[in-house]
Amino acid sequence: MELGACFPTNEIGSDPAAIRDWAQAAEDLGYDLIEVYDHVLSADPSDAPDRQGRAERRGYYTSTTDWHEPMVLMGYLAAITTRPRFLTGILVLPQRQTALVAKQAAEVDILSGGRLMLGIGTGWSDVEYRGLGLGEAFRARGRRSEEQIALMRRLWTEPLMSFEGEFDSVPESAIAPRPARSIPVWIGGHAPAVLDRVGRIADGWVVGWARADYLPGAIEQVHEAARAAGRDPAEIGIETRARVARWTPEQQAVHARRCEEAGATHFSLHTLEGGLTTVQQHIDALRDFKEVFGAG
């Protein structure tokens, strides 16, 4: 199982040197993956309705919370590291222009030497969709994301193509330079439709936070969908994570091993919300977990 470090996006600040120190420390500690979160607009979610129409606080941020832009950030990380791969966990794809995301992802993959894993999801904030000029896509965001994945894969692999879909219409054209491969697309979420989508079309599933005893049944749903689509379930990666705020390093390591036994292929440590006030404390949390996990 590969280990990931979640970039502490809203606690690390804006000093490029601090971001460099954290990323290089994660690489030096032997982390295989740097996971980057995404939000474009930070609206106060205190009165955002959930799917049942009830008011609830969604997420753990306000309109003053920092969110580093993932594509630009990964370009910077690509220049200051040599080994870790980058996973967006997740990029809210349907609120973006498809061809532009394909172009940006291709550039990150080229400049990083093929280290990008594009994790995508549908998001929850209609404020972001409206602010980005795609408010009409919010209600159809799951269906739109499937079409976008198909279009991006064609843009990454075909020297010239045209596309006519429900949401996107691309006249005969291409992106150049193209990546040397079709960039792996991972999908995040937990709804039954998401698990089905992961099994049918994704290279991996960004589980996020989940109990270890949840994983076997959910993974089997993904695998059933994969088999029904004629795919090999073993080719689908599974990423989950743990919060520093919730567990000690020993408890994090136990959870990681249980997730590995349940079928996880990647496990990331999330150091946000743990009362860590300096970059060094975030680095120390990565070191503590790695040492305990490595000791078995």
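How each quantity is defined
- Residues numbered from 1 in each chain as written.
- Predicted model: local features only at pLDDT ≥ 70, side-chain atom pairs only at ≥ 80, totals over all residues.
- Heavy atoms only, no water.
- Core = buried A, V, L, I, M, F, W, Y, C linked by side-chain atoms within 4.5 Å.
- Buried < 20%, exposed > 50% of the residue type's maximum accessible area, 1.4 Å probe, protein only.
- Contact = heavy atoms within 4.5 Å.
- Axes fitted to C-alpha atoms, helices over the stretch in contact; angles between N-to-C directions.
- Helix = DSSP H or I, 4+ residues; strand = E, 2+ residues; numbered from the N terminus.
- Parallel < 35°, antiparallel > 145°, perpendicular 65-115°, else oblique.
- Left-handed = near helix turned anticlockwise from the far one by under 90°.
- Nonpolar A, V, L, I, M, F, W, Y, C, P; charged D, E, K, R; others polar.
- Pairing = 2+ DSSP bridges.
- Patch = residues over 30% accessible without salt bridge, like charges linked within 9 Å, V, L, I, M, F, W, Y side chains within 5 Å.
- Areas by Shrake-Rupley, 256 points an atom, 1.4 Å probe, with all protein chains shown as cover.
- Salt bridge = Lys/Arg side-chain N within 4 Å of Asp/Glu carboxyl O.
- Expected span 1.5 Å × (residues − 1).
- Arc of directions from axis to C-beta.
- Phe/Tyr/Trp six-rings, centres within 6.5 Å; stacked < 30°, edge-to-face > 60°.
- Lys NZ or Arg CZ within 6 Å of the ring centre and 35° of its normal.

Enquirer: Help me understand the nonpolar core, please; the structure alone is not making it clear to me.
Expert: With 75 residues, the main nonpolar core has Trp22, Leu77, Leu118, Trp156, Trp205 and Phe289 as its most contacted residues. Apart from the residues lying within four places of it in its own chain, the contact partners of Phe289 are Leu3, Tyr31, Pro249, Gln252, Ala253, Ala256, Phe267 and Leu269. Counting eleven residues, the second largest nonpolar core, distinct from the first, contains Ile90, Tyr129, Leu134 and Ala137.

Enquirer: Which parts of the structure should I look at to understand the packing of helix H6 (residues 192-201) against helix H7 (residues 215-228)?
Expert: For any two helices packed against each other, one specifies the inter-axial angle together with the distance between the axes. Contact geometry of H6 with H7 gives a least axis separation of 7 Å together with a crossing angle of 50°. Here H6 lies oblique to H7, going by the angle between them. Our pair here, H6 against H7, has a crossing hand that is right-handed. On H7, the residues touching Leu195, Asp196, Val198, Gly199 and Arg200 of H6 are Ala218, Gln221, Val222, Ala225 and Ala226. Looking at the contact of H6 with H7, its residues break down into six nonpolar, two polar and two charged.

Enquirer: What's the story with the pairing of strand S8 (residues 161-164) in this structure? I'm lost.
Expert: Residues in a regular strand point their side chains to alternate faces of the sheet. The alternating pattern of S8 places Met161 and Phe163 on a buried face and Ser162 and Glu164 on a face that is not buried. Note that S8 and strand S9 (residues 169-173) share three bridges and pair antiparallel. Across the sheet, residue Phe163 finds its bridge partner in S9, namely Val170. Where S8 hands over to S9, the hairpin turn is made up of four residues, counted between the paired strands.

Enquirer: Looking at this structure, I do not really get a nonpolar patch on the surface. What am I missing?
Expert: The grouping of Val40, Leu41 and Leu132 at the surface amounts to a nonpolar patch, some 210 Å² of accessible area in total. Considering the arrangement of structural elements, one finds Val40 in the loop between strand S2 (33-36) and strand S3 (48-49).

Enquirer: Would you mind going over the side chain of Thr240 with me for this structure?
Expert: If you trace the backbone, Thr240 turns up in strand S12 (residues 237-243). A relative accessible area of 0% means that Thr240 is categorised as buried. If near-sequence neighbours (up to four positions away) are discounted, Thr240 is found in contact with Val207, Gly208, Ala210, Leu215, Cys259, Ala264, His266, Phe267 and Ser268.

Enquirer: I'm lost on helix H9 (residues 279-294) in this one. Help?
Expert: Helical geometry: 3.6 residues make up each α-helical turn, so side chains three or four residues apart lie on a common side. Given a rise of 1.5 Å per residue, 16 residues ought to cover 22 Å, and the 23 Å separating the end C-alpha atoms of H9 matches this to within 8%. The set of residues buried in H9 consists of Val279, His282, Ile283, Ala285, Leu286, Phe289 and Phe293. Viewed along the axis of H9, the buried residues span an arc of 155°, placing them on a single side of the element. Of the residues trailing H9, Gly296 is marked for its positive phi of about 80°.

Enquirer: What is the right way to read the packing of aromatic side chains from this model?
Expert: What describes a pair of aromatic rings is the distance from one ring centre to the other and the angle between the planes of the rings. Evaluated as defined, the whole model comprises five aromatic pairs. Each member of the aromatic cluster is reached from another via a ring pair, and the members are Phe267, Phe289 and Phe293. Stacked on the ring of Phe138, the Lys or Arg Arg141 has its end atom at 4.0 Å from the ring centre. Residue placement shows Arg241 over the ring face of Trp209; its charged tip is 4.6 Å from the ring centre.

Enquirer: Please clarify how helix H8 (residues 249-262) should be interpreted in this entry.
Expert: Taking 1.5 Å per residue, 14 residues should reach 20 Å; H8 reaches 20 Å between its end C-alpha atoms and fits that length. Considering only its buried residues, H8 is in contact with H7, S12, strand S13 (266-270) and H9. In the segment just after H8, Gly263 is the residue with positive phi, at about 125°.

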